[in-house]
Structures are given as C-alpha cells and as structure tokens.
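# Topology and contacts: notes
Letter by letter, the chains look like this.
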Amino acid sequence: MKRKFLVTLLVVCVLLPAALSAAIVDLSLGATAQYNQNLGQIKTDMDNEDFWPGLGDFKNYTIGADVRIKLLIAEVDVVGTFANTTRDGVDYTEISALTTAGISLDLLGFARLGFGLGPRFRVLIDDAGKAQVIASDNTTVDTWENFGDAFIKSPVAYRATVDFNLGSLMLGLNYTLDTLYTFENAQEVNKLFEAKMDDGKFGVSLLFSLF
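Residues numbered from 1 in each chain as written. Predicted model: local features only at pLDDT ≥ 70, side-chain atom pairs only at ≥ 80, totals over all residues. Heavy atoms only, no water.

## Here we look at the pairing of strand E7 (residues 156-166)
- With nine bridges connecting them, strand E5 (residues 111-125) and E7 associate as antiparallel partners. Bridge pairing links Pro119 to Val156 in E7.
- As judged from the ten bridges shared by E7 and strand E8 (residues 169-178), these two strands associate in the antiparallel manner. Paired with Asp163 across the two strands is Gly172, which belongs to E8. (Pairing = 2+ DSSP bridges. Helix = DSSP H or I, 4+ residues; strand = E, 2+ residues; numbered from the N terminus.)

## What to know about the packing of aromatic side chains
- As enumerated under the stated definition, the model contains seven aromatic pairs in all.
- When the ring of Tyr181 is compared with that of Phe183, the centres are 6.1 Å apart and the planes differ by 85°; the resulting orientation is edge-to-face. (Phe/Tyr/Trp six-rings, centres within 6.5 Å; stacked < 30°, edge-to-face > 60°.)

## Notes on the pattern of salt bridges
- Across all of its chains, the model carries twelve salt bridges by this definition.
- Residue Asp178 is joined to Arg120 by a salt bridge in which the shortest nitrogen-to-oxygen separation is 2.9 Å. Taken together, the residues span a long stretch of sequence, with Asp178 in strand E8 and Arg120 in strand E5 at a distance of 58 residues.
- Here Asp178 falls in the partly exposed class, since its relative accessible area comes to 35%.
- With relative accessibility at 11%, the residue Arg120 sits in the buried group.
- Taking the shortest distance from any N to any O, the salt bridge between Lys153 and Glu184 comes out at 2.9 Å. You can see Lys153 sitting in helix H4 (residues 147-153) and its partner Glu184 sitting in the loop between E8 and strand E9 (201-209), a full 31 residues away along the chain. (Salt bridge = Lys/Arg side-chain N within 4 Å of Asp/Glu carboxyl O. Buried < 20%, exposed > 50% of the residue type's maximum accessible area, 1.4 Å probe, protein only.)

## With respect to the nonpolar core
- Counting residues in hydrophobic clusters, the biggest one holds seven residues: Leu39, Val156, Tyr158, Tyr175, Leu177, Tyr181 and Leu192.
- Residue assignment for this core shows that the elements contributing at least two residues are E7 and E8.
- In contact with Val156, other than residues within four places in its own chain, are Leu117, Gly118, Pro119, Asp178, Thr179, Tyr181, Thr182, Phe183 and Leu192.
- Residues Val123, Val133, Ala135 and Ala150 belong to the second largest nonpolar core, which totals six residues. (Core = buried A, V, L, I, M, F, W, Y, C linked by side-chain atoms within 4.5 Å. Contact = heavy atoms within 4.5 Å.)

## Quick notes on helix H2 (residues 39-47)
- Every buried residue belonging to H2 is among Leu39, Ile42 and Asp45, and all of these are buried. What you see down the axis of H2 is that its buried residues fit within an arc of 120°, all on one side.
- Packing partners of the buried residues in H2 comprise strand E1 (25-35), helix H3 (51-55), E8 and E9.
- Sitting at the head of H2, Asn38 places a side-chain oxygen 3.2 Å from the backbone nitrogen of Gly40.
- Two residues or fewer after H2 comes Glu49, characterised by a positive phi angle close to 55°. (Arc of directions from axis to C-beta. Polar contact = N/O pair within 3.5 Å; in protein donor to acceptor, adjacent residues only side chain to side chain.)

In structure tokens form, the structure reads like this:
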C-alpha cells in the first residue's frame, strides 16, 4: 500500500507541474518525413558502414503531414503519408493514416516529449482504383464494408516524439512502432507488448503552432 502511494505521488509530482505550465490548448501542423528502413536495418547498415549513403537518398523517405491537438498534457496526433509501393509485382499508391492519443509534456518551454498509441489505417490503391486495406499481419483485409470496419481491423501503433521549440516552430524526431494488436480483437492485449523495438521507424517533423 505504501509503495503504491509513493508511486502515485511521484506521478502527480511529475505531471502536475507539466500540466500547470502547459498552454491550455495548442494546435500544431506541418510536414513529416519518415525513413523507410526500420531500426534493425539501420543497425545492420551502420555495422556494414552503409548507413550514410542511404540516409541521404530521398527515395528512402515517405513524406506526409503531421497534425497535433494538445489540451494541457493530453494530445491527439494525426499523421498522414502518401507513397508509391510495389506488392507482389503490382504497383500501388499507398495511403497511411495514423491517429494516436496520449500525453505530451513541455519541459521548461524548450522541449516537448510525447507518447501515444492508436490505429494505423493503411490502404493500397491500384491503377484501376481498387482499394485493399492492410491488416496487422501485413496481409490484406478480406472483407470490409466501410471506414469504421477497416479502422477496427487496422493495427495499433505506438508513437513517441521529442520536439524542440523554435519560437512558433517545432522541430523534432519521432519513432513509430506497429503492433499486431487490433481493436477488432480487443481482448488480445498481450499483442501490444510483443512488438520488437527494432521494427520501428524514425521520422522527423517540422511543425508550426497556430495557437
């Protein structure tokens, strides 16, 4: 009982000052770029001294938009990306939308740390306009009738952010890790914790705070 009380007190001592010093509402939007190689591949490339050439190749990035809505320490992020991809020899346009909810802590007005989780909706569109929703195991969803149906079948992902305040601009890094968990099978909570850290991908965002 005493240990639980001390842990609760520690959490309050950390979160309360962050909440009191944070702006009540903050809306930021901007551009984001994600490096297409996961952390495990980056480690391999660095061991083989083949990392830096790939880092400078624009083809290794996926570009998109990043929108964040913050209320005290609670934050909702929406990240949308657009890319061309090939699957089983067929060319597709891939649209990805990741919506996460979590917390965001301002540190002395200089930096902001955030963490959230939510579903990543991925859809592949071929030249004929036919769409395929990607499931959590990277296969295609066989049956889906509407966006809500596809939403609950999509994999849940973690997203951690570290941003640095530059006046009205924020420049930061983010790390996104997909899991095999879906809201369709909500009882399989263990899948949230089975994802391998090396499977995540890094990105960078440049955001403009509207207020």
